[in-house]
Amino acid sequence: MGGAEEYLEKAMELAGRAVDTQLPVVREAAGVVADALVGGKTFWVFGTGHSHLIAEELYGRAGGLASVRAVLEPGLMLHEGLLKSSLLERLGGLADVLLRVNEVAAGDVVLVVSNSGRNAVPVEFAVGARAAGAKVVALTSLAHSEAVEFRAPGGQRLFEVADVVIDNCGVPGDALIAVEGSPERTGSTSTVVGALLAQALVVEVVALLAERGHTPDVLRSLNA
């Protein structure tokens with residue numbers, strides 16, 4: 001097989017495993033978010049590096065919740081340079097600044113996305129959000145996190161500091177396919193499966209709000 005065909009087959013298998021195993025957790029997380037929104041609180045999304053793509057996926061998205069607030073710190077994204085993003089996401093104390101600027105508060109819910117779950121900023125952002133009284137939902141790869149040492153100063157990984165943990169079921173290192181002649185694996189899955197699970201979370205939140213008699217603030221496409 002090999003090439004695109006192998007990636008598509010294995011990625012679909014992995015996505016199917018995530019659907020089969022994570023649906024109860026997605027529903028649990030959606031209940032936490034719906035409770036917060038009904039209570040007038042805020043749903044935040046945050047990720048560093050490529051994980052910020054999941055935050056953008058839920059922010060200002062057609063069919064998404066208009067009330068979602070994304071923490072999109074330029075230096076932690078990729079357009080200012082891969083090295084800069086990689087170094088900053090390991091910087092202890094930076095999350096405290098982001099939490100103060102974005103005013104995460106008691107009763108809010110924060111979705112923190114980090115495939116490895118090992119770097120200082122996402123872990124400290126989760127810890128700080130919980131200290132402020134918010135609930136934290138983690139979207140991470142448990143297999144990857146459990147295979148690596150922590151980098152956060154507090155000595156914990158993201159799945160160890162969250163209230164609810166959604167596993168993207170990705171392999172350690174993220175890349176799925178070994179290609180003969182290539183020294184490294186290729187074909188990552190964290191964004192593909194992460195976006196699938198994040199969108200499932202949003203749809204479940206919308207369904208819960210409607211069931212409770214609240215009109216969900218769903219965005220319509222500007223191009224429709």
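Here's a quick rundown of the structure. (Residues numbered from 1 in each chain as written. Predicted model: local features only at pLDDT ≥ 70, side-chain atom pairs only at ≥ 80, totals over all residues. Heavy atoms only, no water.)

### What to know about the sheet that holds strand β1 (residues 43-47)
Note the threshold: Any two strands are treated as partners once DSSP identifies two or more bridges connecting them. In DSSP terms, a helix is any run of H or I states spanning at least four residues, a strand is any run of E spanning at least two, and both are numbered starting from the N terminus. For helices, the axis comes from a line fit to the C-alpha atoms of the stretch in contact; other axes are also lines fit to C-alpha atoms, and the angle between any two N-to-C directions lies between 0 and 180 degrees. Throughout, a contact is declared for two residues whenever any of their heavy atoms are within 4.5 Å.
Strand order in this open sheet of five strands is β2-β1-β3-β4-β5, and the pairing throughout is parallel. Two strands in the sheet have a free side with no partner beyond their single neighbour: β2 (69-71) and β5 (164-167). On average, each strand axis in the sheet is tilted by 20° relative to the strand beside it, whichever way the strands run. The strands that helix α1 (residues 3-38) touches are β1, β3 (109-113), β4 (135-140) and β5; relative to β5, the one it contacts most, it runs at about 135°.

### Focus on the pairing of β4
As a reminder of what qualifies: The buried label applies to any residue whose accessible area, calculated with a 1.4 Å probe on protein chains only, is under 20% of its type's maximum; exposed applies above 50%, and partly exposed to all values in between. By the criterion used throughout, a crossover qualifies as right-handed when its path from the first strand across the helix to the second strand runs clockwise, the strands pointing away from the viewer.
Most of β4 sits out of view: five of its six residues are buried. Here five bridges tie β3 to β4, and the two strands are oriented parallel to one another. Residue pairing in the sheet places V110 in a bridge with V136 of β4. Assessed by its sense of winding, the connection that carries the chain from β3 through helix α5 (residues 120-131) to β4 is right-handed. Of the strand pairs in this sheet, β4 and β5 are connected by four bridges, and their pairing is parallel. Paired with A138 across the bridge in β5 is V165. Between the parallel elements β4 and β5, the chain passes through helix α6 (residues 142-147) in a crossover that is right-handed.

### Considering the pattern of salt bridges
Stated precisely, the cut-off is as follows: A side-chain nitrogen of Lys or Arg and a carboxyl oxygen of Asp or Glu constitute a salt bridge if their distance falls within 4 Å.
Throughout the structure, instances matching the rule amount to six salt bridges. For D35, the salt bridge is made with R212, and the minimal N-O distance between the two is 2.7 Å. Separated by 177 residues along the polypeptide, D35 in helix α1 and R212 in the segment after α7 (190-211) bring together distant segments of the chain. The closest approach of N and O atoms between E80 and K84, which form a salt bridge, is 2.7 Å. Taking relative accessible area as the criterion, E80 reaches 38% and is therefore assigned partly exposed.

### Some details on unusual backbone geometry
Residue E103 is not a glycine yet carries a positive backbone phi of 55°. Looking at the element boundaries, E103 is found in the loop between α4 (94-102) and β3. Under the relative-accessibility criterion, E103 is labelled exposed at 61%. Of note in this structure, C169 is not a glycine but carries a positive phi near 65°. Turning to its location among the elements, C169 is positioned in the loop between β5 and β6 (175-177).

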